[in-house]
Amino acid sequence: VVPAVSGTSPANGATNVPVGTTITVNLTENTSTGPNFAGITLKDAAGNTVTAGIDYSRYFDSYEQEWFVEYNIIAIDPAANLAGGRIYTVTIPADAVRDKDGNPNAPYSFSFSTPFTVTATSPVSNATMVPVDQTITVTLSDAGVAGPSFNSISLKTGATTIQAAVSINGNVLTIDPAANLSNDTSYTVTIPADSIRNAAGVPVNQYSFGFRTLDIVVPAVSGTSPANGATNVPVGTTITVNLTENTSTGPNFAGIT
């Protein structure tokens, strides 16, 4: 019985794999290195080899107080973090490992991709006092082009969609509303998954953020107790002034008389 791959981490076809991941390959039995062990590679979609330490996995036994080798797990540890938004392929050639009876493995390969994500937005998420004529921009971790869900990118207030011109140039997505937004109103931008793809074909992750526009309505007095012109007000009364919205003290608060 030849040794075979029983599982990998990340799994074949996995997406959003952390860029700092260590890759492991599980085998069906213990093995030793074969003549082609050095031919095990990790490459990007362009065929560039990623520098990585490749060896059997090791673990520390706290009871025995020493290191042991997992002869049925191959660990591939990249020397540096992988790039975001890339497809990587691990290739294990035939006869890279052999079992105790000298049986060589069959060739095996698998692929996975790292995240293609939003790195910044303008306005920032949860921003307030945003100008009503603001053009919205979204910065991505890589240059991209329109994907299948590009037309589903939206700017909304509640359930109402705001008409806007949406374009992608390099790694910057621009959302330019057709008219000024409303004052003192909350808006949400939604970027669906696969609305943008980078050159490697990796789709962007879904992302959404919200902001609120500038409030230009000034606080005003909505009522007083006692009312203006009131008579027969009790001499021990506490006077209250009601305002149209929540406020904080201004520079002339001490001038209230």
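Now for a description of the structure that goes with this document. For clarity, every value in this text was computed on a predicted model and none was experimentally measured.

**A short note on unusual backbone geometry**
So, point 1. With an omega of 5 degrees, the peptide bond running from Ser122 to Pro123 counts as cis.
So, point 2. Among the structural elements, Pro123 can be located in the loop between β10 (118-122) and β11 (127-130).
So, point 3. Here Ser225 and Pro226 are connected by a cis peptide whose omega angle stands at 5 degrees.
So, point 4. Mapped onto the fold, Pro226 is located in the loop between β21 (221-225) and β22 (240-243).

**Focus on the sheet that holds β11**
Whether parallel or antiparallel, the strands of a sheet pair through hydrogen bonds between backbone atoms.
So, point 1. Spatially, five strands are ordered β11-β20-β18-β14-β15 in an open sheet, and the strand pairing comes out mixed. The two strands at the open ends of the sheet, each matched to only one other strand, are β11 and β15 (160-161).
So, point 2. In this structure, β11 lies alongside strand β20 (residues 207-213), joined through two bridges in parallel fashion. Each bridged residue has a counterpart across the sheet, and for Ala127 the counterpart in β20 is Phe211.

**A look at the pattern of salt bridges**
So, point 1. Within the structure shown, the criterion is met by six salt bridges.
So, point 2. Taking the shortest distance from any N to any O, the salt bridge between Arg98 and Asp95 comes out at 2.7 Å.
So, point 3. Arg197 serves as the salt-bridge partner of Asp194, at 2.6 Å between the closest nitrogen and oxygen.
So, point 4. A relative accessible area of 33% means that Arg197 is categorised as partly exposed.

**Things to note about the nonpolar core**
So, point 1. Core analysis: the biggest nonpolar cluster contains 22 residues, and Leu155, Leu173, Val189 and Phe211 have the highest contact counts within it.
So, point 2. Those elements that provide at least two residues to this core are β11, β12 (136-140), β17 (172-177), β18 (186-191) and β20.
So, point 3. Those residues in contact with Phe211 that lie beyond four places of it in its chain are Pro123, Val124, Ala127, Val130, Ile136, Leu155, Leu181, Thr185, Ser186, Tyr187 and Val189.
So, point 4. With 18 residues, the next largest nonpolar core counts Ile23, Ile40, Val90 and Phe110 among its residues.

**Some thoughts on the pairing of strand β14 (residues 154-157)**
So, point 1. Where β14 and β18 come together, three bridges link them in antiparallel fashion. If you follow Leu155 over to β18, its bridge partner there is Val189.
So, point 2. As paired elements, β14 and β15 share two bridges and run antiparallel to each other. The residue bridging Lys156 from the neighbouring strand is Thr161, located in β15.
So, point 3. The antiparallel pairing of β14 with β15 creates a hairpin that spans two residues between the two strands, and Gly158 there sits at a positive phi of about 65 degrees.

**Focus: the side chain of Asp99**
So, point 1. Locating Asp99 in the fold gives a position in the loop between β8 (97-98) and β9 (108-113).
So, point 2. At 6.8 Å, Lys100 is the nearest oppositely charged side chain to Asp99, a buried residue that forms no salt bridge.
So, point 3. A polar contact of 3.0 Å, which involves the side chain of Asp99, links it to the backbone nitrogen of Asp101.

**Considering the packing of aromatic side chains**
So, point 1. Overall, the coordinates contain eight aromatic pairs when judged by the stated rule.
So, point 2. The interplanar angle of 25 degrees and the centroid separation of 5.8 Å between the aromatic rings of Phe37 and Tyr56 together place this pair among those described as stacked. Note that Phe37 is positioned in the loop between β3 (32-33) and β4 (41-44) and Tyr56 in strand β5 (residues 52-61), a separation of 19 residues in sequence.
So, point 3. Judged by its relative accessible area of 12%, Phe37 is buried.
So, point 4. Judged by relative accessible area, Tyr56 falls into the buried class, the value being 6%.
So, point 5. With centroids separated by 6.2 Å and ring planes inclined at 45 degrees, the aromatic side chains of Tyr207 and Phe209 adopt a geometry described as tilted.
So, point 6. Given the relative accessible area of 30%, Tyr207 is considered partly exposed.
So, point 7. Every member of this aromatic cluster is reached through a ring pair, and the members are Phe37, Tyr56 and Tyr71.

**Observations regarding the sheet that holds β5**
So, point 1. Strand order in this open sheet of four strands is β1-β2-β6-β5, and the pairing throughout is antiparallel. At either margin of the open sheet sits one strand with a lone partner, and together these are β1 (5-9) and β5. Neighbour-to-neighbour, the strand axes of the sheet open up by a mean angle of 35 degrees, direction not taken into account.
So, point 2. Examined bridge by bridge, β1 and strand β2 (residues 23-27) share four bridges and lie antiparallel to one another. By the bridge assignment for β2, Val5 is matched with Leu27.

The rules we used
- Residues numbered from 1 in each chain as written.
- Predicted model: local features only at pLDDT ≥ 70, side-chain atom pairs only at ≥ 80, totals over all residues.
- Heavy atoms only, no water.
- Helix = DSSP H or I, 4+ residues; strand = E, 2+ residues; numbered from the N terminus.
- Pairing = 2+ DSSP bridges.
- Salt bridge = Lys/Arg side-chain N within 4 Å of Asp/Glu carboxyl O.
- Buried < 20%, exposed > 50% of the residue type's maximum accessible area, 1.4 Å probe, protein only.
- Core = buried A, V, L, I, M, F, W, Y, C linked by side-chain atoms within 4.5 Å.
- Contact = heavy atoms within 4.5 Å.
- Lys, Arg positive; Asp, Glu negative; His and termini not counted.
- Polar contact = N/O pair within 3.5 Å; in protein donor to acceptor, adjacent residues only side chain to side chain.
- Phe/Tyr/Trp six-rings, centres within 6.5 Å; stacked < 30°, edge-to-face > 60°.
- Axes fitted to C-alpha atoms, helices over the stretch in contact; angles between N-to-C directions.

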